[in-house]
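The primary structure of each chain is shown beneath.
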Amino acid sequence: MIFTVRPDAQLGAVLDWGNGARRCAVGRSGIAQKRSEGDGVTPIGEWPIRNVLYRADRIAPPKTSFDSRALTPNDGWCDAPADPNYNRLVRLPYDASHEEMWRQDRLYDIVAVLGFNDDPVIPGRGSAIFLHIARESYGPTEGCVALAMPDLLDVLRVATDPSVVRVTL
């Protein structure tokens, strides 16, 4: 199954899989070719859904065919290009630069990890491209694709391996 993310003149961006386009948020630098870590770009290409992480203290496990696991307060995602665990889930505390996955703002209550720059990992190409929950305003992400929680749950419910998120202009 293919989930297509594309710009939309009225909504900013949408994700569509043939079941009606759903509003989504993309990176602060828009949709483009990924240049480097921290550029704010949602990368053009096709990215497989790898697995799902969720906050078990806030929500039930999402219905999905993908491997899923509950996040813990000690989960982080390494975004330090020189670190051997770059673009991987790490256990906190962690000495290298990382993003905390246990967020207070609820954006990571459900996270689908996308297969961007992970096979192989290329240092500095970019990290932590996820499907996650959008802010109420659909404000920009750091490069991820963000959806309203009901839409994200729909995606995870209907997606099967080898589903991909296709980001296009």
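Our subject is the structure that appears above.
Our subject in this report is the structure included herewith. All figures in this text were calculated on a predicted structure; none of them were measured in a lab.

This part covers the overall build of the protein. On a plain count of helices and strands, the protein comes out with one helix and 14 strands. The C-alpha atoms of the protein give a radius of gyration of 15 Å, which matches the 15 Å a tight globule of 169 residues would have. Overall size of the protein, expressed as C-alpha extent along the three principal axes, is 45 × 35 × 30 Å. For the protein, with 169 residues in total, the buried portion stands at 49%. For the protein, long-range pairs separated by at least 24 residues make up 57% of all intrachain contacts whose partners lie at least 6 apart in sequence. For the protein, the exposed area adds up to about 8000 Å²; of that, 49% sits on carbon and sulfur atoms.

Evaluated as defined, the whole model comprises zero disulfides. Lacking any disulfide linkage, Cys 78 is separated from the closest cysteine sulfur, that of Cys 144, by 15 Å. Since its relative accessible area comes to 0%, Cys 78 is described here as buried. Free of any disulfide, Cys 144 has its nearest neighbouring cysteine sulfur in Cys 24, separated by 12 Å.

Looking at the element boundaries, Ala 70 is found in strand S7 (residues 68-70). When sequence neighbours within four positions are dropped, the list of residues in contact with Ala 70 reads Tyr 54, Ala 56 and Asp 75.

To describe a pair of aromatic rings, one takes the distance between the centres and the angle between the planes. Tallied over the full model, the rule gives four aromatic pairs. Look at Trp 77 and Phe 130: their rings are 5.1 Å apart centre to centre, the planes differ by 90°, and that puts the pair in the edge-to-face class. Pair noted here: Trp 77 is in strand S8 (residues 75-78) and Phe 130 is in strand S12 (residues 130-133), with a separation of 53 residues, a long-range link. Phe 130 carries the same exposure label as Trp 77, and that label is buried. An aromatic cluster of at least three residues, connected via ring pairs, comprises Trp 77, Tyr 108 and Phe 130. The ring of Trp 102 has Arg 55 lying over it, and the distance from NZ or CZ to the ring centre is 3.5 Å. We note Arg 103 situated over the ring of Tyr 108; from NZ or CZ to the ring centre the distance is 4.6 Å.

We now examine the pairing of S12. Judged from the three bridges that link them, strand S11 (residues 110-114) and S12 form a sheet pairing that is antiparallel. Directly across from Ala 112, in S12, lies its bridge partner Leu 131.

Conventions we followed
Residues numbered from 1 in each chain as written. Predicted model: local features only at pLDDT ≥ 70, side-chain atom pairs only at ≥ 80, totals over all residues. Heavy atoms only, no water. Helix = DSSP H or I, 4+ residues; strand = E, 2+ residues; numbered from the N terminus. Rg over C-alpha atoms; globule rule 2.2 N^0.38 Å. Buried < 20%, exposed > 50% of the residue type's maximum accessible area, 1.4 Å probe, protein only. Contact = heavy atoms within 4.5 Å. Areas by Shrake-Rupley, 256 points an atom, 1.4 Å probe, with all protein chains shown as cover. Disulfide = S-S within 2.5 Å. Phe/Tyr/Trp six-rings, centres within 6.5 Å; stacked < 30°, edge-to-face > 60°. Lys NZ or Arg CZ within 6 Å of the ring centre and 35° of its normal. Pairing = 2+ DSSP bridges.

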